[in-house]
Amino acid sequence: MKTQDIFQDILSKKRVPLLLNYAPYQSMIKYGQSSKMKEISNEIKALIEVEKKHILEVNTLHKEKSRITANVLYISNELNSQNNLGMEKRLEEQRLRMEEIREEIKNREDGIQDIIMEKEEKNLELLKETIDYAYEYMKKDEAELKKVLEEIEVLRQKLKVDREKRDKLEKRVNSIYGFLHAMVGAKDTEKLDEEFLSK
């Protein structure tokens, strides 16, 4: 199975979170990332900023639409109950602005959907690039790790041999001192130490 087929198979089974907000991804990239990963991440961040801007604009338009709706109700009431014909022009202006707002909201929401789709595509591109990068470095790191573990094992074996040698030497020294103390006593052993060990 080719890499692209494996990738598509994985995607068909799983919903991919936005990697920039995904904790395991953030943890992994602390150890490094490719320049392509950085480039795609920056593109996604730019899309997020544009999306936020559009959402704020849509919210502002909805607020304006609510105000106009209240104005239209008031003006309609003035026309119907007061026969205030001077309000017809204002009503028409409000109606035209309401149509403009509806069109602007539709355009902005369509733009937001386009951004969401583009963001998802970029996120999948980032995922693919990340997988390629991760396996490239995992191969290198595993080879290096194997070498380091082998070196540690050699050092561990040397340390084991050195500990055994240390234990043997300590026992021999203690045995010799034990013999000397028993044969000549502590004071004379100290004299012998000064004579033989201080040279």
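Residues numbered from 1 in each chain as written. Predicted model: local features only at pLDDT ≥ 70, side-chain atom pairs only at ≥ 80, totals over all residues. Heavy atoms only, no water.

**Q** Sorry, what's going on with helix α4 (residues 87–184) here?
**A** For the α-helix, the turn length of 3.6 residues means that residues three or four positions removed from each other point alike. With 98 residues, α4 ought to run about 146 Å at 1.5 Å a step, yet its terminal C-alpha atoms sit only 128 Å apart, falling short of that. Following α4 by one or two positions, G185 adopts a phi angle in the positive range, close to 90°. (Helix = DSSP H or I, 4+ residues; strand = E, 2+ residues; numbered from the N terminus. Expected span 1.5 Å × (residues − 1).)

**Q** Please explain the pattern of salt bridges as it appears in this structure.
**A** If the charged atoms of two oppositely charged side chains come close together, the side chains can form a pair. Tallied over the entire structure, the rule returns 19 salt bridges. Among the ionic pairs, E92 bridges to R95, the shortest N-O distance being 2.4 Å. With a gap of three residues between them, E92 and R95 both fall in helix α4, about one helical turn apart. The exposure class of E92 is partly exposed, given its relative accessible area of 37%. (Salt bridge = Lys/Arg side-chain N within 4 Å of Asp/Glu carboxyl O. Buried < 20%, exposed > 50% of the residue type's maximum accessible area, 1.4 Å probe, protein only.)

**Q** What should I look at first to understand the packing of aromatic side chains in this one?
**A** Centre distance and the angle of the planes are the two values used to describe a pair of aromatic rings. For the coordinates displayed, the defined rule picks out one aromatic pair. Ring centres of Y133 and Y137 lie 4.6 Å apart, and the angle between their planes is 40°; on these two criteria the pair is classed as tilted. Of this pair, Y133 and Y137 both sit in helix α4, four residues apart, which is roughly one turn of that helix. Since its relative accessible area comes to 13%, Y133 is described here as buried. (Phe/Tyr/Trp six-rings, centres within 6.5 Å; stacked < 30°, edge-to-face > 60°.)

**Q** For this particular structure, what's the right way to read a negative patch on the surface?
**A** A cluster of acidic residues, D141, E142, E144, E150 and E151, forms a negative patch at the surface. Looking at where E151 falls in the secondary structure, it is placed in helix α4. (Patch = residues over 30% accessible without salt bridge, like charges linked within 9 Å, V, L, I, M, F, W, Y side chains within 5 Å. Areas by Shrake-Rupley, 256 points an atom, 1.4 Å probe, with all protein chains shown as cover. Lys, Arg positive; Asp, Glu negative; His and termini not counted. Charge placed at Lys NZ, Arg CZ, Asp CG, Glu CD.)

**Q** Just checking my understanding: could you explain the side chain of H54 for this structure?
**A** On the secondary structure map, H54 appears in helix α3 (residues 35–82). When near neighbours in sequence (up to four residues on either side) are disregarded, H54 contacts R108, G111, I112 and I115. (Contact = heavy atoms within 4.5 Å.)

**Q** Help me out: how do you make sense of the nonpolar core in this one?
**A** If you look at soluble globular proteins, the nonpolar side chains tend to sit buried side by side. Ranked by size, the top nonpolar core spans twelve residues in total: V16, L19, L20, Y25, I29, M37, I40, I44, I48, L126, L127 and Y133. Elements supplying a minimum of two residues to this core: α2 (23–29), α3 and α4. Considering each element in turn, this core owes the most residues, four residues, to α3. Aside from chain neighbours lying at most four places away, what touches I40 is K122, E125, L126 and E129. Counting seven residues, the second-largest nonpolar core is a separate cluster that includes I68, M98, I101 and I105. (Core = buried A, V, L, I, M, F, W, Y, C linked by side-chain atoms within 4.5 Å.)

The values reported here are purely geometric and, on their own, carry no functional implication.
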